[in-house]
Amino acid sequence: IGRGTKLETGVVIENGVVIGQRCKLDTRVIIRGGSAEPEFTSIGSDCQLQAHAHLGCTCRLGDRVRIGSGVFLGNQVQIHHDAQLMANVVVHDSASIGCHSVVKILASVEKDLPPYSVFAGNPAESRGVNIIGLQQENFPRAIIEALMHAHRLIYRESKPLEEARHVPRAGH
């Protein structure tokens with residue numbers, strides 16, 4: 001458990017868990033461990049897990065991940081840096097959520113979700129680019145516009161991924 005990490009009453013952490021610095025785990029968070037490295041469950045630095053969140057075995061959370069109350073992560077889930085899962089989201093085994101993405105309240109994630117987007121529903125579907133989050137992280141306007149264009153091609157016009165490949169990558 002990293003320096004400056006705060007654990008509230010009733011937090012359960014099994015063996016085989018690595019937690020970064022300055023994290024906050026609220027009441028009754030449960031974190032299931034792994035058997036041996038590299039199968040540990042790992043939580044990056046500056047993460048927040050709200051009350052009654054549950055992480056299954058060998059989950060991996062990047063830095064600055066925010067997990068809302070009642071979120072349930074299945075086994076071997078990966079949440080990339082700066083992602084946010086709002087209250088009562090369920091993420092099925094082995095799914096991955098991309099960096100800077102937001103998953104809205106009560107969504108059910110059954111497959112990998114790409115970065116920089118907002119998802120909602122059961123099953124979770126893309127609702128657009130996470131413009132507010134990207135602006136807060138000082139992404140250049142040109143990058144945000146390119147991501148919006150790629151999103152429109154892929155999700156609204158159902159174009160193949162090949163047509164969206166020219167979108168520049170953010171330096172984050």
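See the structure above.
Before we go on, may I ask you to explain the nonpolar core in this structure?
For soluble globular proteins, the rule of thumb is that nonpolar side chains tend to be buried together. One finds Leu49, Leu61, Leu73 and Leu85 to be the most contacted residues of the largest nonpolar core, which totals 32 residues. Leave out the neighbours within four places in its chain, and Leu73 touches His54, Leu55, Gly56, Cys59, Leu61, Ile79, Leu85 and Val91. Of all hydrophobic cores here, the second largest spans eight residues; its members include Cys99, Tyr116, Phe139 and Ile143.

Please explain the state of the cysteines as it appears in this structure.
A covalent bond bridging the sulfur atoms of two cysteines is what the word disulfide describes. One pass over the full model with this rule turns up zero disulfides. The thiol sulfur of Cys47 is not disulfide-bonded, and the nearest other cysteine sulfur, from Cys23, lies at 4.6 Å. Given a relative accessible area of 1%, Cys47 falls into the buried group. Free cysteine: Cys57, not disulfide-bonded; nearest cysteine sulfur from Cys59 at 7.9 Å.

Teacher, can you tell me more about the side chain of Ser117 here?
Take Ser117: it is sitting in strand 18 (residues 117–120). A relative accessible area of 5% places Ser117 in the buried class. With sequence-adjacent residues up to four places away left out, Ser117 is seen in contact with His100, Ser101, Val102, Ser126, Gly128, Val129, Asn130 and His151.

What am I meant to see in a nonpolar patch on the surface here?
A contiguous nonpolar patch, built from Ile1, Leu7 and Ile13 and spanning about 270 Å² of accessible area, is present on the exposed surface. Overall, Ile13 belongs to the partly exposed group, its relative accessible area being 30%.

Rules and cut-offs
- Residues numbered from 1 in each chain as written.
- Predicted model: local features only at pLDDT ≥ 70, side-chain atom pairs only at ≥ 80, totals over all residues.
- Heavy atoms only, no water.
- Core = buried A, V, L, I, M, F, W, Y, C linked by side-chain atoms within 4.5 Å.
- Buried < 20%, exposed > 50% of the residue type's maximum accessible area, 1.4 Å probe, protein only.
- Contact = heavy atoms within 4.5 Å.
- Disulfide = S-S within 2.5 Å.
- Helix = DSSP H or I, 4+ residues; strand = E, 2+ residues; numbered from the N terminus.
- Patch = residues over 30% accessible without salt bridge, like charges linked within 9 Å, V, L, I, M, F, W, Y side chains within 5 Å.
- Areas by Shrake-Rupley, 256 points an atom, 1.4 Å probe, with all protein chains shown as cover.
- Salt bridge = Lys/Arg side-chain N within 4 Å of Asp/Glu carboxyl O.

In short, shape yes, function no, at least from these values alone.
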